[in-house]
Amino acid sequence: MVYTDNIKNKKILFFAPTFFGYEIAIFEKLKQMGAEVDYFDERPKNNFITKACIRINRKLLERKIVSYYHSIFKKTIHKQYDYVFVINIEAMLPSLLNKLREQQSQAEFILYMWDSLQNKKRTHESLPFFNKIYSFDPTDAKILSRVKFRPLFFTDEYGELAENSLTPKYGLCFIGTVHSDRYLLVEQIKEQVKEFGLQSLFFMFFPSPVLFYYKKIRDLKFYKAKFSEFNFRPLSQRVTIQYIRESAVILDVHHPAQTGLTMRTLEMLGANKKIITTNPFVRDYDFFHPQNILIIDRERPVIGRSFFDEKYLPIDPKIKDKYSLDGWLMEIFGI
């Protein structure tokens, strides 16, 4: 793919949370496009306690957050960037954004949210500091006039899966973090797949054992859940991709408070894999076809055996390119 001077040789200060290696994929792709990139984690640490405090009450960690960002500002003060690119802002306080804007007065500030802004009300106080704001959730763009809708992406590894397919070992595969009603829904789907006589793979991830026991005590949805059903270390991208390569159909359960498509949905587009999803809004996308994507009701999830028998219908390559990481970055940076 040929890139223009919009990004080549430009200096980018990049902040993103550590999230299953996607931040590294973005960092590496920007460099491949010819940019000079300095990357920093958006959070001062990535342990469970730090993440929980940032989401529940950021003031509990204010001194640590301020100290962390001041150390970054010392490293970057003598460098003038063309762009400050922030993904999924949570830890960075408005006062720190203000200082960064003063330090990088010539830079264009870009924000991308891969969580719904409707679920992160505190993020709204940071929006005035950005020149461009994008969200993966179309509802955000409808409600907030400055926000532009831009779906997520698939990385190169998933695009390569489409060219290196295997005879499926698993009829159905689910890999995901447990939240909301995911556990109960996955359990219902698991029983149906058993009746079809198909082998399946279910990898349910909990960020910590502490959170599991908290959920088991406080949330009736986890009353019958067993510790042994869950994993407390995330899969590497390499293993995740291998499991998906070995699967015919992937199960996707979106967060009920969001309307945007999950990363998994776009990854399956890249990999030419069939997907079963709870998200009815996928019908609105230009790559939707009922032969490839089965939408189920999360209240009464029912899947038909015939969906597993139909072959994947290839999608127009131009449409796929739009949802690649290259296409995503080119739109974000106006290339």
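Figured I'd write up the structure that's included with this text. (Residues numbered from 1 in each chain as written. Predicted model: local features only at pLDDT ≥ 70, side-chain atom pairs only at ≥ 80, totals over all residues. Heavy atoms only, no water.)

Concerning the overall build of the protein
Each helix and strand in the protein was counted, giving 13 helices and twelve strands. Expected size for 335 residues packed as a compact globule is a radius of gyration near 20 Å; at 21 Å, the protein falls within 12% of this value. Dimensions of the protein, computed from C-alpha atoms along their principal axes, come out at roughly 65 × 50 × 35 Å. Burial status across the protein gives 51% buried among its 335 residues. About 16200 Å² of surface is accessible on the protein, with carbon and sulfur atoms providing 53% of the total. Charge separation in the protein, taken as the distance between the mean sites of 50 positive and 39 negative side-chain charges, equals 5 Å. (Helix = DSSP H or I, 4+ residues; strand = E, 2+ residues; numbered from the N terminus. Rg over C-alpha atoms; globule rule 2.2 N^0.38 Å. Buried < 20%, exposed > 50% of the residue type's maximum accessible area, 1.4 Å probe, protein only. Areas by Shrake-Rupley, 256 points an atom, 1.4 Å probe, with all protein chains shown as cover. Lys, Arg positive; Asp, Glu negative; His and termini not counted. Charge placed at Lys NZ, Arg CZ, Asp CG, Glu CD.)

Focus on the sheet that holds strand β4 (residues 108-113)
On the basis of which strands lie adjacent, the open sheet formed by six strands has the order β2-β1-β3-β4-β5-β6 and parallel pairing. The open sheet has two edge strands with one neighbour each: β2 (36-41) and β6 (147-149). Going from strand to strand, the sheet's axes swing by 20 degrees on average, the running direction of each strand aside. In the sheet, β4 pairs with strand β5 (residues 132-135) via four bridges, with the strands oriented parallel. In the sheet register, Met113 faces β5, and the bridge partner there is Ser135. (Pairing = 2+ DSSP bridges. Axes fitted to C-alpha atoms, helices over the stretch in contact; angles between N-to-C directions.)

Some thoughts on the packing of helix α3 (residues 62-76) against helix α4 (residues 94-103)
Put simply, α3 and α4 touch, their axes get as near as 11 Å, and they point 5 degrees apart. On the basis of their axis angle, the class for α3 and α4 is roughly parallel. On α4, the residues that touch Ile65, Val66, Tyr69, His70, Phe73 and Thr76 of α3 are Leu96, Lys99, Leu100 and Gln103. When grouped by side-chain class, the residues that make up the contact of α3 with α4 number six nonpolar, three polar and one charged. (Parallel < 35°, antiparallel > 145°, perpendicular 65-115°, else oblique. Contact = heavy atoms within 4.5 Å. Nonpolar A, V, L, I, M, F, W, Y, C, P; charged D, E, K, R; others polar.)

Some remarks on empty space enclosed by the protein
A full pass over the atoms with the stated rule returns one cavity of 30 Å³ or more. In this structure, the largest cavity occupies an estimated 70 Å³ of space. Thr265, Met268, Leu269, Lys273, Ile275, Phe287, Asn292, Ile293, Tyr312 and Ile315 together form the lining of the largest cavity. Of all the elements, helix α10 (residues 263-271) adds the most residues to the lining of the largest cavity, at three residues. Partitioned by chemical class, the residues of the lining of the largest cavity number seven nonpolar, two polar and one charged. (1 Å grid on protein atoms, 1.4 Å probe; cavity = no way out; pocket = protein on both sides within 12 Å on 5 of 7 lines; lining within 4 Å. Points joined across faces, edges and corners; volume = space filled by probe spheres on them.)

Let's talk about the packing of aromatic side chains
Using the criterion set out here, one finds 35 aromatic pairs in the structure. Aromatic pair Tyr68 and Tyr69: ring centres 5.2 Å apart, planes at 80 degrees, arrangement edge-to-face. Taking 5.2 Å as the distance between ring centres and 85 degrees as the angle between the ring planes, the aromatic pair formed by Phe287 and Tyr323 counts as edge-to-face. In this pair, Phe287 is assigned in the loop between β11 (274-277) and β12 (293-295) and Tyr323 in the loop between α12 (317-322) and α13 (325-332), connecting sequence segments 36 residues apart. By the burial criterion, Phe287 is buried, and Tyr323 matches it. Over the ring of Phe109 we find Arg101; its NZ or CZ atom is 4.4 Å from the centre of that ring. (Phe/Tyr/Trp six-rings, centres within 6.5 Å; stacked < 30°, edge-to-face > 60°. Lys NZ or Arg CZ within 6 Å of the ring centre and 35° of its normal.)

Notes on the side chain of Arg43
With respect to the secondary-structure elements, Arg43 resides in the loop between β2 and α2 (48-56). With sequence-adjacent residues up to four places away left out, Arg43 is seen in contact with Pro17, Thr18, Lys51, Ile54, Arg55, Tyr68, Glu90 and Ala91.

Describing the pairing of strand β10 (residues 247-252)
The buried count for β10 comes to five of six residues, which makes it a mostly enclosed element. Relative to β10, strand β7 (residues 170-177) is paired through three bridges, and the arrangement is parallel. From the neighbouring strand, Cys173 faces β10, where its bridge partner is Ile250. Judged from the four bridges that link them, β10 and β11 form a sheet pairing that is parallel.

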